[in-house]
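Residue-level listing of the chains:
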Amino acid sequence: MASDCIFCRIASGAIPASLVYQDEHVVAFPDVHPQAPTHVLVVPRKHIGSLAELDDADLAGKLLLAVAEVARRGGVAERGFRTIINTGAEGGQTVPHLHFHLLAGRKFAEGSLGE
Ligand code: DGP
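This report concerns the structure included in the present document. Just so we're clear, the structure is a prediction, and the values are computed from it rather than from any experiment.

About the cut-offs
- Residues numbered from 1 in each chain as written.
- Predicted model: local features only at pLDDT ≥ 70, side-chain atom pairs only at ≥ 80, totals over all residues.
- Heavy atoms only, no water.
- Phe/Tyr/Trp six-rings, centres within 6.5 Å; stacked < 30°, edge-to-face > 60°.
- Helix = DSSP H or I, 4+ residues; strand = E, 2+ residues; numbered from the N terminus.
- Buried < 20%, exposed > 50% of the residue type's maximum accessible area, 1.4 Å probe, protein only.
- Near = heavy atom within 4 Å.
- Polar contact = N/O pair within 3.5 Å; in protein donor to acceptor, adjacent residues only side chain to side chain.
- Areas by Shrake-Rupley, 256 points an atom, 1.4 Å probe, with all protein chains shown as cover.
- Nonpolar A, V, L, I, M, F, W, Y, C, P; charged D, E, K, R; others polar.
- Contact = heavy atoms within 4.5 Å.
- Core = buried A, V, L, I, M, F, W, Y, C linked by side-chain atoms within 4.5 Å.
- Salt bridge = Lys/Arg side-chain N within 4 Å of Asp/Glu carboxyl O.
- Pairing = 2+ DSSP bridges.

With respect to the packing of aromatic side chains
Tallying each qualifying case throughout the model produces 1 aromatic pair. Seen in terms of ring centroids, Phe 7 and Phe 29 are 5.4 Å apart; in terms of plane orientation they differ by 70°. Their pairing is edge-to-face. Of this pair, Phe 7 sits in helix 1 (residues 6-12) while Phe 29 sits in strand 2 (residues 26-30), placing them 22 residues apart in sequence. Overall, the relative accessible area of 4% leaves Phe 29 in the buried class.

Rendered as structure tokens:
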């Protein structure tokens, strides 16, 4: 855990958050600035700065399965959802702890990869 990392502090419980999913390796909680009716962040408990630093295939699989589980629990799996991982400065990452955005509840442009 990085003590100055906001997502480490949420994952450890040091900062209270309403977790919509948690297991031994992964936690998920609503984004503080939601961009859709459902906007959840899925993060590893272990501090990993970004996708560019991820080298654990087992954890990568666990994260992806957790995203799907959060979508099912949130009732958005059938209608569909968008998953985004911003990486590094040019990728638009602002919190330096790997996280998946799960967005749902509105229509996203087909084929759009964002701005
Ligand atoms: P990104 O740009 O991909 O690094 O997205 C970071 C997201 O994290 C952004 O949508 C806002 C969200 N966020 C930042 N700080 C907090 C926080 O303290 N709590 C929660 N729930 N979300 C946060």
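Structure's up, so let's keep going.
Describing the site of the ligand
Neighbouring the ligand are 15 residues; Asp 31, Asn 86, Thr 94, His 99 and His 101 lie closest to it. Between the ligand and Asp 31 there is a distance of 2.5 Å, counted from an oxygen atom to a side-chain nitrogen or oxygen. Separating an oxygen atom of the ligand from a side-chain N or O atom of Asn 86 is a distance of 2.8 Å. Relative to its free-state accessible area of 510 Å², the ligand is covered by the protein chains to the extent of 79%. Mapped onto the shell around the ligand, the elements with two or more residues apiece are helix 1 and strand 2. Here the residues of the shell around the ligand sort into 8 nonpolar, 6 polar and 1 charged.

A closer look at the environment of Pro 37
With respect to the helices and strands, Pro 37 occurs in the loop between strand 2 and strand 3 (38-44). In sequence terms Pro 37 and Leu 103 are 66 residues apart; their C-alpha atoms lie 7.7 Å from each other. In this structure, Pro 37 is in contact with Ala 104, Gly 105 and Arg 106, ignoring residues within four places of it in sequence.

Focus on the nonpolar core
In terms of nonpolar packing, the biggest core is built from 17 residues, with Val 42, Leu 63, Val 70 and Leu 102 touching the most fellow members. Mapped onto this core, the elements with two or more residues apiece are strand 2, strand 3, helix 2 (57-73) and strand 5 (100-104). Counting residues per element, this core draws most heavily on helix 2, which supplies 6 residues. Ranked by size, the runner-up nonpolar core spans 11 residues in total, among them Phe 29, Leu 41, Val 43 and Val 95.

A closer look at the pattern of salt bridges
For the coordinates displayed, the defined rule picks out 4 salt bridges. A salt bridge links Lys 62 to Asp 58, with the nearest nitrogen and oxygen atoms 2.7 Å apart. In this pair, Lys 62 and Asp 58 are both assigned in helix 2, 4 residues apart and thus about one turn of the helix distant. We classify Lys 62 as partly exposed; its relative accessible area is 27%. We note a salt bridge from Glu 110 to Lys 107, for which the minimum N-O separation is 3.4 Å.

Considering the pairing of strand 5
Counting buried positions along strand 5 gives 5 out of 5 residues, so the element sits mostly inside the fold. Covered by surrounding structure in strand 5 are Phe 100, Leu 102 and Ala 104 together with His 101 and Leu 103, the residues of both alternating faces. Bridge analysis of strand 3 against strand 5 gives 5 bridges, and the strand direction is antiparallel. Within the sheet, the bridge partner assigned to His 39 lies in strand 5 and is Leu 103. Note that strand 4 (residues 82-84) and strand 5 share 3 bridges and pair antiparallel. Looking across to strand 5, one finds that Arg 82 is bridged to Leu 103.

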